[in-house]
Amino acid sequence: ESLLLSATLEQEINETFSFTASIRHQDSESVYQYHQPIGYSVAAPYFFFLPVDFSNPFGPTLGDLGFPLLQQPGDVYQLGYKADKTLDILGVNAILKAEGKFAGLDHTAQLGIDYFDVDSEDDRPSDPVLESLFGRVSGYFFTFTSTNLLNPVANASPTVPSTTEFRDASAEQIGFFFSDVIRHDNLIASFNLRYDQFDEEFMPMHPTLGDSLASEDEHDDFTFDAGFLYEFENGVSPYYSYAESFTPNGQDQSGNPIDPNEGSQHEIGIKFVSENGNTMLNAALFSIDEENRVLENSVPATTIDAEYEGFELSARHRINDFMLSASYSIVDTEQKGEFATVEYVPYVPDQLANLWLNYVPSSGSLEGFNAGFGSRYIGSAYSESNASETASYTLFDFMLSYGVGVFDLQLNVNNLTDKDYTVAISDGGILGGSSYDGPGRFTSVSAAFRF
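It should be emphasised that the depicted structure is a prediction, and the values quoted were computed from it without experimental measurement. (Residues numbered from 1 in each chain as written. Predicted model: local features only at pLDDT ≥ 70, side-chain atom pairs only at ≥ 80, totals over all residues. Heavy atoms only, no water.)

**Considering the environment of Gly263**
Note the following rule: A helix here means a DSSP run of H or I that spans at least four residues, while a strand means a run of E at least two residues long, and both kinds are numbered starting from the N terminus.
Topologically, Gly263 is positioned in strand S10 (residues 261-273). Placed 26 residues apart in sequence, Gly263 and Asp289 show a C-alpha to C-alpha distance of 5.5 Å.

**Remarks on the pairing of strand S1 (residues 2-12)**
Looking along a regular strand, one sees the side chains alternate between the two faces of the sheet. Our working rule: Accessible area is worked out with a 1.4 Å probe on protein chains only. A residue is then buried under 20% of its type maximum, exposed over 50%, and partly exposed in between. Criterion used throughout: strands pair if DSSP finds at least two bridges between them.
When you tally the buried positions in S1, you get zero out of eleven residues, a small fraction of the element. Sheet analysis places S1 next to strand S2 (residues 17-37), joined by eleven bridges and oriented antiparallel. Within S2, the residue paired with Leu5 across the bridge is His25. Turn length for the S1-S2 hairpin, with the two strands adjacent in sequence and antiparallel, is four residues.

**A look at unusual backbone geometry**
The phi dihedral of Asp185 falls on the positive side, at around 55°, and the residue is not glycine. Along the chain, Asp185 turns up in the loop between strand S6 (164-184) and strand S7 (187-205). For Asp185, a relative accessible area of 59% corresponds to the exposed category. Within the chain, Tyr347 stands out as a residue other than glycine whose phi angle is a positive 70°. Structurally, Tyr347 can be placed in the loop between strand S13 (322-336) and strand S14 (351-359). For Tyr347, a relative accessible area of 31% translates into the label partly exposed.

**Thoughts on the packing of aromatic side chains**
Where we set the bar: When the centres of two rings from Phe, Tyr and Trp lie within 6.5 Å, Trp using its six-membered ring, the rings pair. Their planes under 30 degrees apart give stacked, over 60 give edge-to-face, and anything left gives tilted. Over a ring means this: the NZ of a Lys or the CZ of an Arg is within 6 Å of the ring centre and within 35 degrees of the ring normal.
Counted according to the given criterion, the structure contains 14 aromatic pairs. Look at Tyr195 and Phe222: their rings are 4.8 Å apart centre to centre, the planes differ by 45°, and that puts the pair in the tilted class. Placement of the pair is Tyr195 in strand S7 and Phe222 in strand S8 (residues 215-230), with a sequence separation of 27 residues. What makes Tyr195 partly exposed here is its relative accessible area of 21%. Here Phe222 falls in the exposed class, since its relative accessible area comes to 53%. Grouping aromatic residues by their ring pairs yields a cluster made of Tyr32, Tyr34, Tyr81 and Tyr140. When the ring centre of Tyr239 is taken as reference, the NZ or CZ atom of Lys271 above it lies at 5.0 Å.

**Description of the pattern of salt bridges**
A side chain of one charge can pair with a side chain of the opposite charge when the charged atoms of the two come close. Note the cut-off: By convention in these notes, a salt bridge is any Lys or Arg side-chain nitrogen within 4 Å of a carboxyl oxygen on Asp or Glu.
Summed over the entire model, instances satisfying the criterion amount to nine salt bridges. Lys101 is the partner of Asp106 in a salt bridge, and the nearest nitrogen-oxygen pair spans 2.9 Å. Between Asp114 and Arg194 there is a salt bridge, with the nearest N and O atoms lying 2.9 Å from each other. Residue Asp114 is located in strand S4 (residues 105-125), and its partner Arg194 is located in strand S7; the two are separated by 80 residues in the primary sequence. Within this structure, Asp114, Arg194 and Asp196 form a network of salt bridges that share partners.

**Quick word on a negative patch on the surface**
Formally: Patch definition: residues above 30% relative accessible area lacking any salt bridge, with like charges linked at up to 9 Å and the nonpolar side chains Val, Leu, Ile, Met, Phe, Trp and Tyr linked at up to 5 Å. Surface accessibility follows the Shrake-Rupley procedure with a 1.4 Å probe radius. Residue values consider only the protein chains on display as shielding. By the counting scheme adopted, Arg and Lys are positive, Glu and Asp are negative, and His together with the chain ends is not counted. All charge positions are set by atom: Lys at NZ, Arg at CZ, Asp at CG, Glu at CD.
Judged by side-chain charge, Asp289, Glu291, Glu309, Asp332 and Glu343 come together as a negatively charged surface patch. Tracing the sequence through the fold places Glu291 in strand S11 (residues 279-296). For Glu291, a relative accessible area of 42% puts it in the partly exposed group.

See below:
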């Protein structure tokens, strides 16, 4: 359940200066719950050993804790997970824009500030039996149920532990930026400089640990972007760009701050625009270096450095009232740094492709309508250990909108065929791995009013 409110103000001051400001507020609530297997048996009941008590060296079994016995091939125990979350986001930005000539060059400059405030509550069950065996595993709990993978039967909702861990957190980020796009004849250059300051506070309340896991952290960073493009008279434009990124990573499961994610990208490519503007093509090679990518939010969090290399192609072509868009990209990943244990970066598809057709009548009784249909192809991706790999899949989407005057209505349908697919596989730890299904068919209707 989510509520989003936003407003934008645009004001032209004079021929040179204009001002834009926007504000957005979002409230959302969600309940996330699932089961996953934690044991497998191909024979008679087996012993699951807890920490050894030398007066009883074989230790208690799961049966002693209340679990049913695993007797048939395919029998598994089930582990539960639940999280009740609320999220409150406030975002504000203001931009002063200037266009004109300076030192004989055409400039489009922007000076701005943006601010985000995020408050979240994340309430999860705390299972004292599970934590006594495996340490703090926030949100997970024993269901004391079993099922059979070869003949699964849905169980009733399990009893969730009454003890709760409250994981409240807040974060503030303020950014200042300056950008300038400079044009001289056929040469275009762009420069962007940004400074971000990020403050976060983690305020958990654990049934036994209390607020001992609370923490505060601050980060700040300068990032820089630049790009150069030359437009030839025949519509061909080679370009080069460099960009830096800075993204806070938050905390691990115990509230310890994780160093921010930082990256840099080099891209070289070529664009083409036909004389009538109906055809646009783009081809590019890119290389990305990334530091502190979070693989698993464990204790402490598992992070790696990574490198990505690849190329992408995109095209758009208009025929009367039809617009056809297509794109394809392929990427090769490699883990770097002292904490790299395998070759490939997990959860990154090796290929992506999109094909989309829009029909936008420019006259007649259907003027104001916009209908679109397309497909998305997502390639395979590795798990954390690279031992497992998801299968590639293709999804189909549909869109229909109508605008009249100051009103806009839009219908979106994602995954039109309600396809079943897996977006990621987690190897997991002592509690077992997980397979994550992608969203099924999703339909949304939106309305906008401009004033």
